[in-house]
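# Results of the structural survey
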Amino acid sequence: QKEVEQNSGPLSVPEGAIASLNCTYSDRGSQSFFWYRQYSGKSPELIMFIYSNGDKEDGRFTAQLNKASQYVSLLIRDSQPSDSATYLCAVIGGSYIPTFGRGTSLIVHP
Amino acid sequence: DAGITQSPRHKVTETGTPVTLRCHQTENHRYMYWYRQDPGHGLRLIHYSYGVKDTDKGEVSDGYSVSRSKTEDFLLTLESATSSQTSVYFCAISEQTSGTDTQYFGPGTRLTVL
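Residues numbered from 1 in each chain as written. Chains lettered and ligands numbered in written order. Predicted model: local features only at pLDDT ≥ 70, side-chain atom pairs only at ≥ 80, totals over all residues. Heavy atoms only, no water.

### Topic: the side chain of Ser-73 of chain A
All names here are of chain A. As for its placement among the helices and strands, Ser-73 is situated in strand E8 (residues 71-76). By relative accessible area, which is 2% here, Ser-73 ends up buried. Setting aside its immediate chain neighbours within four residues, Ser-73 contacts Leu-21, Asn-22, Trp-35, Thr-62, Ala-63 and Gln-64. (Helix = DSSP H or I, 4+ residues; strand = E, 2+ residues; numbered from the N terminus. Buried < 20%, exposed > 50% of the residue type's maximum accessible area, 1.4 Å probe, protein only. Contact = heavy atoms within 4.5 Å.)

As C-alpha cells, then:
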C-alpha cells in the first residue's frame with residue numbers, strides 16, 4: 001500500500017522565519033510530487049509541484065526532492081501569518097492517481 | 001479555480017435517505033475525482049472517472065456510487081446515507097500542467113448525516 005507520511009504538527013514559527021515542512025513516501029516508483037495549502041473550511045489549493053531531484057523555487061516557496069531518500073520538503077521563507085494553514089503533500093506513481101498525506105498544520109505567530 | 005463548482009455546498013440529511021452530490025466543470029477535463037476529507041484521515045479517494053460512462057473505484061468506495069453521463073458533470077450518490085458518511089466531499093479535476101497531471105479541487109460540500 002502506498003503511503004505518504006507527514007508530521008501532523010502543529011508547526012509553530014515566528015513571523016519572518018523559515019518554515020520547513022517534510023513528507024516521506026513509500027513507493028519508489030513515484031514520479032510527481034505536489035504541495036497543497038488548505039485554509040480551514042476551504043478546499044486544497046496547489047502551491048507547486050516537483051518531479052526532478054533537487055530544488056524548485058517559486059517566490060517564497062521552495063520544494064526539495066530527494067528520490068533516493070524518498071522525501072520531499074517545502075520551505076517557506078519570510079513566513080507570514082497568512083501562511084497559517086494545513087499543508088498537504090501528494091505523490092503520484094504509475095497509476096496517475098495521487099496519494100495524499102494527512103497534512104501538517106502550520107502556525108505563523110506575529 | 002479550474003471552473004469547478006459543487007452543489008449543494010451544505011446539506012443535512014437523515015440516516016437512510018438517498019443523497020446526490022453534483023460536481024460540474026466547464027473546461028472539458030477528461031478526469032474527475034470524488035474525495036472525502038475527515039479529521040485524522042486526510043483526503044481519501046472515493047471514485048474517479050476517466051471519461052463519459054467510464055468510472056472506477058477508489059480506496060473508500062463502499063456505500064457510494066457515481067455516474068458521468070456528460071463530460072461536465074460527475075455525480076456522487078449515497079444510496080442510503082449513514083452517520084459514518086458525515087464528511088466534507090471534494091470534487092477534483094486533473095489537468096496537464098508543464099507535462100504533469102495536476103489536480104485542482106472544487107469548493108467542497110459539507111454533508112451531515114443525522
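Having put the structure on the table, let's press on.
### Digging into the packing of aromatic side chains
This model, assessed by the stated rule, comprises 15 aromatic pairs over all chains. With centroids separated by 6.5 Å and ring planes inclined at 20°, the aromatic side chains of Tyr-31 of chain B and Tyr-33 of chain B adopt a geometry described as stacked. Overall, the relative accessible area of 31% leaves Tyr-31 of chain B in the partly exposed class. What makes Tyr-33 of chain B buried here is its relative accessible area of 2%. Put simply, the rings of Tyr-36 and Phe-100 of chain A together with Tyr-31, Tyr-33, Tyr-35, Tyr-48, Tyr-50, Phe-90 and Phe-105 of chain B touch in pairs and so form one group of aromatic residues. Across from the ring centre of Phe-49 of chain A, 4.0 Å away, lies the NZ or CZ of Lys-56 of chain A, which sits over that ring. Directly above the aromatic system of Phe-61 of chain A lies the positively charged group of Arg-60 of chain A, at a separation of 5.6 Å from the ring centroid. (Phe/Tyr/Trp six-rings, centres within 6.5 Å; stacked < 30°, edge-to-face > 60°. Lys NZ or Arg CZ within 6 Å of the ring centre and 35° of its normal.)

### Focus: the environment of Asp-78 of chain A
Residues and elements named next belong to chain A. Here Asp-78 lies in the loop between E8 and strand E9 (85-92). Here the alpha-carbon distance between Asp-78 and Pro-14, two residues 64 residues apart in the chain, equals 9.3 Å. When neighbours within four sequence positions are excluded, Asp-78 is seen to be in contact with Gly-16, Ala-17, Arg-60 and Asp-83.

### Some thoughts on the interface of chain A and chain B
Each partner contributes residues to the interface: chain A has 17 residues there, and chain B has 20 residues. Taken together, the two surfaces of chain A and chain B that pack against each other cover about 1,500 Å², and 62% of this comes from carbon and sulfur. Counting across the chain A and chain B interface gives zero salt bridges. Between chain A and chain B we count four residue pairs in polar contact (both at pLDDT 80 or more) in total. Listed by contribution, the elements that provide at least two residues to the side of chain A that touches chain B are strand E4 (32-38), strand E5 (45-50), E9 and strand E10 (98-100) of chain A. Ranked by residue count, the leading element in the side of chain A that touches chain B is E4 of chain A, at four residues. Here the residues of the side of chain A that touches chain B are counted per class, giving twelve nonpolar, three polar and two charged. (Buried area = accessible area lost by both parts, 1.4 Å probe. Salt bridge = Lys/Arg side-chain N within 4 Å of Asp/Glu carboxyl O. Polar contact = N/O pair within 3.5 Å; in protein donor to acceptor, adjacent residues only side chain to side chain. Nonpolar A, V, L, I, M, F, W, Y, C, P; charged D, E, K, R; others polar.)

### Some remarks on the pairing of strand E11 (residues 109-113) of chain B
All names here are of chain B. Every second residue of E11 is oriented toward a common face, the buried set being Thr-109, Leu-111 and Val-113 and the non-buried set Arg-110 and Thr-112. Examined bridge by bridge, strand E2 (residues 10-13) and E11 share four bridges and lie parallel to one another. When the sheet's bridge partners are listed, Val-12 is paired in E11 with Thr-112. Where strand E9 (residues 87-97) meets E11, three bridges bridge the pair, whose relative direction is antiparallel. Bridge assignment links Val-88 to a residue of E11, and that residue is Arg-110. (Pairing = 2+ DSSP bridges.)

### Considerations on the nonpolar core
Judged by nonpolar contacts, the single largest core of 23 residues is most densely connected at Trp-35, Val-72, Leu-74, Ile-76 and Tyr-87 of chain A. Counting residues per element, the ones that place at least two in this core are strand E3 (19-25), E4, E5, strand E7 (61-66), E8, E9 and strand E11 (104-109) of chain A. Counting 19 residues, the second largest nonpolar core, distinct from the first, contains Ile-4, Leu-21, Leu-76 and Leu-78 of chain B. (Core = buried A, V, L, I, M, F, W, Y, C linked by side-chain atoms within 4.5 Å.)

### Some details on the environment of Arg-9 of chain B
Residues and elements named next belong to chain B. As for its position among the elements, Arg-9 is in the loop between strand E1 (4-7) and E2. Relative accessible area serves as the criterion here: at 40%, Arg-9 is assigned to the partly exposed category. Along the backbone, Arg-9 and Thr-77 are 68 residues apart, and their C-alpha atoms lie at a distance of 15 Å. When residues no more than four places from it in sequence are discounted, the contact partners of Arg-9 are Pro-107, Gly-108, Thr-109 and Arg-110. A polar atom in the side chain of Arg-9 sits 3.4 Å from the backbone oxygen of Pro-107. Polar side-chain contacts of Arg-9 include one of 2.8 Å to the backbone oxygen of Gly-108.

### Considerations on unusual backbone geometry
Looking along the chain, the bond that leaves Gly-9 of chain A and enters Pro-10 of chain A is cis, with omega of 10°. Mapped onto the fold, Pro-10 of chain A is located in the loop between strand E1 (4-5) and strand E2 (11-14). A cis geometry characterises the amide bond from Ser-7 of chain B onward to Pro-8 of chain B, with omega recorded as -10°. Tracing the backbone through its elements, the reader meets Pro-8 of chain B in the loop between E1 and E2. Positive phi, normally seen in glycine, also occurs at Gln-70 of chain A, with a value near 60°. Looking at where Gln-70 of chain A falls in the secondary structure, it is placed in the loop between E7 and E8. Despite not being glycine, Lys-53 of chain B has its phi angle at roughly 65°, a positive value. Within the secondary structure, Lys-53 of chain B sits in the loop between strand E5 (42-51) and strand E6 (54-57). Residue Lys-53 of chain B is classed as exposed on the basis of its relative accessible area of 68%.

Nothing here speaks to function; it is geometry throughout.
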